[in-house]
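Structure at a glance
These are the residues of each chain, in order.
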Amino acid sequence: MIEVRFHGRGGQGAVTSAELIAQAAIKSNMYAQAFPSFGPERRGAPVQAFLRVSDRPIRLRAKVYHPNNVVILDATLLGVVNPSEGLKEGGFVVINSNKSEDELKNLFPGCNIAVVDATHIAKEELGVPITNTTMLGALVKASNIVDIEMLEEPVRERFGVVAQRNINAYKRAFNETKIIKA
């Protein structure tokens with residue numbers, strides 16, 4: 001089973017990201033679950049979403065405490081939470097950032113890192129700095145959790161007329177994601 005924890009801010013689409021990967025996994029004949037963790041948070045407050053993907057039925061219903069991968073939609077969260085907490089050995093911190101390789105290694109010592117400037121890509125491809133679908137490309141590149149092509153149908157169903165721009169964004173992010181091994 002692969003477990004992923006998404007860190008974002010309310011309104012950034014962390015929950016949507018988890019749901020889209022889950023739908024792609026299910027379409028790939030795997031089992032998946034995606035769910036949020038938030039209470040009375042408001043737009044802009046830190047939120048988490050969780051994802052599990054497996055080739056067997058998933059019976060666990062708890063939050064993800066020891067993820068294989070962590071996705072950070074907004075690097076400003078680094079001063080508020082510790083996104084890499086509980087990350088399994090060999091897992092990836094998948095981060096939206098324009099920081100240098102050395103800066104990222106200092107922030108996440110001993111961690112594998114997948115980095116992409118998703119904000120820049122989202123602005124160019126979508127016209128807005130909303131990075132949730134863009135970061136899907138980085139997660140897929142780091143983890144191979146699903147085949148990148150399996151995302152297209154769930155994204156088209158979810159976004160309708162603007163789906164192609166989202167598809168372009170995550171495919172571009174897949175190609176531009178830099179992998180930094182620990």
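Look up: the structure comes first, before these words.
Let me begin by describing the structure that accompanies this report. Everything numeric here is computed off the predicted structure, so don't read it as measured data. (Residues numbered from 1 in each chain as written. Predicted model: local features only at pLDDT ≥ 70, side-chain atom pairs only at ≥ 80, totals over all residues. Heavy atoms only, no water.)

**Here we look at the overall build of the protein**
For the protein, the helix and strand inventory stands at six helices and seven strands. Listing every helix and strand of the protein by position from the N terminus yields β-α-β-β-β-β-α-β-α-α-α-α-β. Taken over the C-alpha trace, the protein has a radius of gyration of 15 Å; the compact-globule value for 182 residues is 16 Å, and the two agree within 12%. By principal-axis analysis of the C-alpha atoms, the protein measures approximately 40 × 40 × 35 Å. Counting the 182 residues in the protein, one finds 48% classified as buried. Within the protein, counting contacts between residues at least 6 apart in sequence, those at least 24 apart form 62% of the total. Within the protein, the 19 negative side-chain charges are centred at a point lying 4 Å from the centre of the 22 positive side-chain charges. (Helix = DSSP H or I, 4+ residues; strand = E, 2+ residues; numbered from the N terminus. Rg over C-alpha atoms; globule rule 2.2 N^0.38 Å. Buried < 20%, exposed > 50% of the residue type's maximum accessible area, 1.4 Å probe, protein only. Contact = heavy atoms within 4.5 Å. Lys, Arg positive; Asp, Glu negative; His and termini not counted. Charge placed at Lys NZ, Arg CZ, Asp CG, Glu CD.)

**Details of helix H6 (residues 163-176)**
Between its first and last C-alpha atoms H6 spans 20 Å; for 14 residues at 1.5 Å apiece the expected length is 20 Å, and the two agree. Those residues of H6 that fall on the buried side of the exposure criterion are Ala163, Asn166, Ile167, Ala169, Tyr170, Arg172 and Ala173. Along its buried surface, H6 packs onto strand E6 (112-116), helix H3 (118-126), helix H4 (132-143) and helix H5 (152-159). (Expected span 1.5 Å × (residues − 1).)

**A look at the pairing of E6**
With five of five residues buried, E6 is to be regarded as a mostly interior element. The alternating pattern of E6 places Asn112, Ala114 and Val116 and Ile113 and Val115 on opposite faces, both of which are buried. Here five bridges tie strand E5 (residues 92-96) to E6, and the two strands are oriented parallel to one another. Each bridged residue has a counterpart across the sheet, and for Asn96 the counterpart in E6 is Val116. Both E6 and strand E7 (residues 178-180) contribute to a ladder of three bridges, which runs antiparallel. Bridge assignment links Ala114 to a residue of E7, and that residue is Ile179. (Pairing = 2+ DSSP bridges.)

**Considering the sheet that holds strand E1 (residues 2-9)**
Strand order in the open sheet formed by seven strands is E2-E3-E1-E4-E5-E6-E7, and the pairing between neighbours is mixed. In the strand order of this sheet, the two ends are held by strand E2 (31-37) and E7, each with one partner. Ignoring which end each strand starts from, the neighbouring axes of this sheet average 15° apart. By the bridge criterion, eight bridges tie E1 to strand E3 (residues 46-54) in an arrangement that is antiparallel. By the bridge assignment, Val4 is partnered in E3 with Leu51. (Axes fitted to C-alpha atoms, helices over the stretch in contact; angles between N-to-C directions.)

**Here we look at H4**
The end-to-end C-alpha distance of H4, which contains 12 residues, comes to 16 Å, matching closely the 16 Å that a straight helix rising 1.5 Å per residue would cover. Burial runs high along H4: 11 of the 12 residues are buried. Taken residue by residue, H4 has Asn132, Thr133, Thr134, Met135, Leu136, Gly137, Ala138, Leu139, Val140, Ala142 and Ser143 as its buried positions. One or two residues past the end of H4 sits Asn144, with phi positive at roughly 55°.

**Considerations on the packing of H3 against H6**
With their axes 9 Å apart at the nearest point, H3 and H6 run at an angle of 145° to one another. Crossing geometry of H3 relative to H6 is assigned as right-handed. Across the interface between the two elements, His120, Ile121, Glu124, Glu125 and Leu126 of H3 pack against Arg165, Asn166, Asn168, Ala169, Arg172, Ala173 and Glu176 of H6. Along the lines of polarity and charge, the residues of the contact of H3 with H6 split into four nonpolar, three polar and five charged. (Left-handed = near helix turned anticlockwise from the far one by under 90°. Nonpolar A, V, L, I, M, F, W, Y, C, P; charged D, E, K, R; others polar.)

Any functional reading would require information beyond the geometric quantities listed.
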